Amino acid sequence: MTGIGTAESTTVAEPRLAASVILVRDAAGRGGSEGVARPAGAANGLEVFVQHRVSTMDFAAGMVVFPGGRVDTVDSTGWDFADDVVERHAAAWHLSSIAVEPLTARHNAGRVLAAAQREVFEEAGLKLDAATLRPWANWVTPEDQPKRFDTYFYLACPVSGAEPKHQTTEASSSLWMPVRGILEAESAGTLRLMPPTLVLLDELLALGTMEAVLAGEREIIPVRPQPGALQEFFRNRRQPPSLAP
């Protein structure tokens, strides 16, 4: 699988900072959005805006993913969010690698937040208020992979009338899909997900509504899978459900 390596190399790649945004909304009572495909079967529960990555990508080729990408130099300056937003985000990521050095934790939190805003705008044409982006999860690619990311996942609910759209060449399509439908398609083998996407969608399915998603505080504990975890994950997913452990 493109972008998934083996455990033979003795050189450990340094994980690059990345940001990904889970755009989510209640599906009940919504009709189709202009310019955005909308599958049947999303009468209730939650739905998320996802992208189907093209098969030529060198990482997560052919996967269904959330909008996002690497943190770039441009994300270090020109922020349009208030200091209190950065402080809140730095506190939320306090167990993650960007907060290891207290003196740089705030700046790092701002860089990742700016990258999340930029990537959603570039890939989905949606300008998100930084104050509405909620820190949600942190996953780090295992050390045996040739390309590694320290990815910070945010959750956001677009305001009424603000619609994301498909505008990235890295994906063949972008659309709102029901969380349950994505997971059922993955189980049937018709869609492919990376482990973080699968786990985060499972969480959203269990929560069920935006009210439940937004209720209460969330303690973010970084997930750092061991070497071999990705190979094991995809090996199990290729088995019929009755044979998978």
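Residues numbered from 1 in each chain as written. Predicted model: local features only at pLDDT ≥ 70, side-chain atom pairs only at ≥ 80, totals over all residues. Heavy atoms only, no water.

Peer 1: Honestly, the overall build of the protein chain in this entry has me stumped. Any pointers?
Peer 2: Within the protein chain, the secondary structure is distributed over 6 helices and 7 strands. Counting the 245 residues in the protein chain, one finds 48% classified as buried. Taking all contacts inside the protein chain whose residues are at least 6 apart in sequence as the whole, residues at least 24 apart take part in 72%. Taken as a whole, the protein chain presents about 12100 Å² of accessible surface, with 53% of it coming from carbon and sulfur. (Helix = DSSP H or I, 4+ residues; strand = E, 2+ residues; numbered from the N terminus. Buried < 20%, exposed > 50% of the residue type's maximum accessible area, 1.4 Å probe, protein only. Contact = heavy atoms within 4.5 Å. Areas by Shrake-Rupley, 256 points an atom, 1.4 Å probe, with all protein chains shown as cover.)

Peer 1: Looking at this model, I keep getting lost on the environment of Lys147. Mind explaining?
Peer 2: Assignment of secondary structure puts Lys147 in the loop between β5 (134-140) and β6 (149-156). On a C-alpha basis, the gap between Lys147 and Val12 in space is 9.4 Å, while along the polypeptide they are 135 residues apart.

Peer 1: I tried to follow the pattern of salt bridges on my own but got confused; where do I start?
Peer 2: Pairing between side chains becomes possible if they bear opposite charge and their charged atoms approach one another. Inspection of every chain in the model, using the stated rule, returns 10 salt bridges. Between Arg106 and Asp83 there is a salt bridge, with the nearest N and O atoms lying 2.8 Å from each other. Of this pair, Arg106 sits in helix α2 (residues 102-124) while Asp83 sits in helix α1 (residues 83-92), and the two are 23 residues apart along the sequence. What makes Arg106 partly exposed here is its relative accessible area of 28%. We classify Asp83 as exposed; its relative accessible area is 52%. The closest approach of N and O atoms between Glu122 and Arg118, which form a salt bridge, is 3.3 Å. Of this pair, Glu122 and Arg118 both sit in helix α2, 4 residues apart, which is roughly one turn of that helix. Owing to a relative accessible area of 41%, Glu122 belongs among the partly exposed residues under this scheme. A single network of salt bridges, built from pairs that share partners, joins Asp72, Asp75, Arg118, Glu119 and Glu122. (Salt bridge = Lys/Arg side-chain N within 4 Å of Asp/Glu carboxyl O.)

Peer 1: Just checking my understanding: could you explain the packing of aromatic side chains for this structure?
Peer 2: When we look at a pair of aromatic rings, we describe it by the centre distance and by the angle of the planes. Inspection of the entire model under this criterion finds 4 aromatic pairs. A ring pair is formed by Trp93 and Tyr152, whose centres lie 4.8 Å apart and whose planes are at 90°; its orientation type is edge-to-face. Residue Trp93 is found in the loop between α1 and α2, and its partner Tyr152 is found in strand β6; the two are separated by 59 residues along the sequence. For Tyr152, a relative accessible area of 0% puts it in the buried group. Through successive ring pairs, a cluster of aromatic residues spans Trp93, Tyr152 and Tyr154. When the ring centre of Trp176 is taken as origin, the NZ or CZ atom of Arg25, which lies over that ring, is 4.0 Å away. Lying over the aromatic face of Trp136, Arg218 brings its terminal NZ or CZ to 3.8 Å of the ring centre. (Phe/Tyr/Trp six-rings, centres within 6.5 Å; stacked < 30°, edge-to-face > 60°. Lys NZ or Arg CZ within 6 Å of the ring centre and 35° of its normal.)

Peer 1: Would you explain the side chain of Thr141 in this entry?
Peer 2: The residue Thr141 is located in the loop between β5 and β6 in this model. According to the relative accessible area criterion, Thr141 is buried, its value standing at 11%. Separated by 2.9 Å, the side chain of Thr141 and the backbone nitrogen of Phe149 make a polar contact. Once you skip the residues sitting within four places of it in the chain, Thr141 turns out to touch Lys147, Arg148, Phe149 and Leu230. (Polar contact = N/O pair within 3.5 Å; in protein donor to acceptor, adjacent residues only side chain to side chain.)

Peer 1: Just checking my understanding: could you explain the side chain of Gln51 for this structure?
Peer 2: Positionally, Gln51 belongs in strand β2 (residues 46-53). Among the polar contacts listed, one links the side chain of Gln51 to the backbone oxygen of Glu123, at a separation of 3.5 Å. The residues touching Gln51, leaving out its near neighbours within four places in the chain, are Met63, Val64, Val65, Phe66, Pro67, Glu123, Thr168, Ala171, Ser173 and Ser174.

Peer 1: Would you take a moment to explain the pairing of strand β7 (residues 171-178) for this structure?
Peer 2: Looking along a regular strand, one sees the side chains alternate between the two faces of the sheet. Within β7, 6 of the 8 residues are buried, leaving the element largely enclosed by the surrounding structure. Strand direction decides the pairing type here: β2 and β7, joined by 7 bridges, are antiparallel. Bridge pairing in β7 places Phe49 opposite Trp176. (Pairing = 2+ DSSP bridges.)

Peer 1: Hey, could you run me through the pairing of strand β1 (residues 16-26) in this one?
Peer 2: The element β1 is extensively covered by neighbouring structure, given that 9 of its 11 residues are classed as buried. Examined bridge by bridge, β1 and β6 share 8 bridges and lie parallel to one another. Within β6, the position partnered with Ala19 by the bridge is Tyr152. Of the pairings in the sheet, the one linking β1 to strand β4 (residues 68-70) comprises 3 bridges and is antiparallel in character. From the neighbouring strand, Ala18 faces β4, where its bridge partner is Arg70. Looking at chain direction, β1 and β2 are connected through 3 bridges and run antiparallel. Pairing of Asp26 across the sheet is with Leu46, part of β2.

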